Amino acid sequence: VFRPLYEKTHQILRDFSFIDEKENTVAYASHIEDRDDIVKKYFSILRNTITAHCFRALVTPRNMPCFKQALKLLIEATDRSNMSLVKGSLDIFRRMLNWAKNAVKESGPIADFFKELLGQELTSATIRACCSPHIDPGDAKASMVMMCIAEIHLHLSAIFGKEFVMFLSTQLANRSPAVRMSLPFQKYIKFCEMCVPDSRLVTKYAFTARDSLRGLIAEMRWRRRPASRT
């Protein structure tokens, strides 16, 4: 079911055309709503399909190409201004990390794909997302996005160990080198270290790690602010 459903949905979205291209018309607004509805249903399908129960079916030779492409498109969706879309994408990965850890520890092309996708591409995407100007710390959806990002980082730390924590630390510091010695940065990395190698600690530290991440984002923005003129 997954492959034809995936291909058909993308064909619909690719071929989607508007009756009226003028943004201030009822027809345009109705079409935008229809397209958003298709995207929401598609995300719902992915959320209910990318599960431990379906995993072995998804990585069969028939389904694997579509599965890979779906995951890569979910990563691309994290770089959007729509917080619902970003949260929906990250939430699928957050849930997946609960059961994908066993697949990562195996050997072979599937494990190698997951190591690259989760350990590198997903990590880079989460850092871009939390540093996005669209993240408003006071917004409820943005807060949920930061919660997802914190849980993903804690899960990845538990799966990949201290090498990942060092990689995450470097990637975050590259965004704003001056924050490396800041208290929020040190606290956030410490929470990641505490989850190595026990993923059961993710739930315990998720909320406090999210608060540290929020403080880290605020610190980054404060240091990037233009210098005041006298």
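Everything below is about the structure printed above this text.
Residues numbered from 1 in each chain as written. Predicted model: local features only at pLDDT ≥ 70, side-chain atom pairs only at ≥ 80, totals over all residues. Heavy atoms only, no water.

(A) Structural view of the packing of aromatic side chains. Going through the model one piece at a time under the given rule, you end up with 7 aromatic pairs. Here F55 and F114 contribute two aromatic rings whose centre-to-centre distance is 5.6 Å and whose plane-to-plane angle is 55°, an arrangement assigned as tilted. Of this pair, F55 sits in helix 3 (residues 55–58) while F114 sits in helix 6 (residues 109–130), placing them 59 residues apart in sequence. One exposure class covers both F55 and F114, and it is buried. Taken together, the ring pairs in this structure connect F55, F67, W99, F113 and F114 into an aromatic cluster. Its guanidinium or amino end placed over the ring of F113, K68 lies 5.1 Å from that ring's centre, counting from NZ or CZ. (Phe/Tyr/Trp six-rings, centres within 6.5 Å; stacked < 30°, edge-to-face > 60°. Helix = DSSP H or I, 4+ residues; strand = E, 2+ residues; numbered from the N terminus. Buried < 20%, exposed > 50% of the residue type's maximum accessible area, 1.4 Å probe, protein only. Lys NZ or Arg CZ within 6 Å of the ring centre and 35° of its normal.)

(B) The packing of helix 6 against helix 8 (residues 162–175), seen in detail. Contact pair helix 6 / helix 8: the axes reach a minimum separation of 11 Å and the direction vectors enclose 35°. Seen along the crossing, helix 6 lies across helix 8 with a hand that is right-handed. Where helix 6 approaches helix 8, its residues G119, Q120, T123, S124, I127 and R128 are matched on the opposing element by F164, F167, L168, Q171, L172 and R175. Of the residues contributing to the contact of helix 6 with helix 8, the split by class is 5 nonpolar, 5 polar and 2 charged. (Axes fitted to C-alpha atoms, helices over the stretch in contact; angles between N-to-C directions. Left-handed = near helix turned anticlockwise from the far one by under 90°. Contact = heavy atoms within 4.5 Å. Nonpolar A, V, L, I, M, F, W, Y, C, P; charged D, E, K, R; others polar.)

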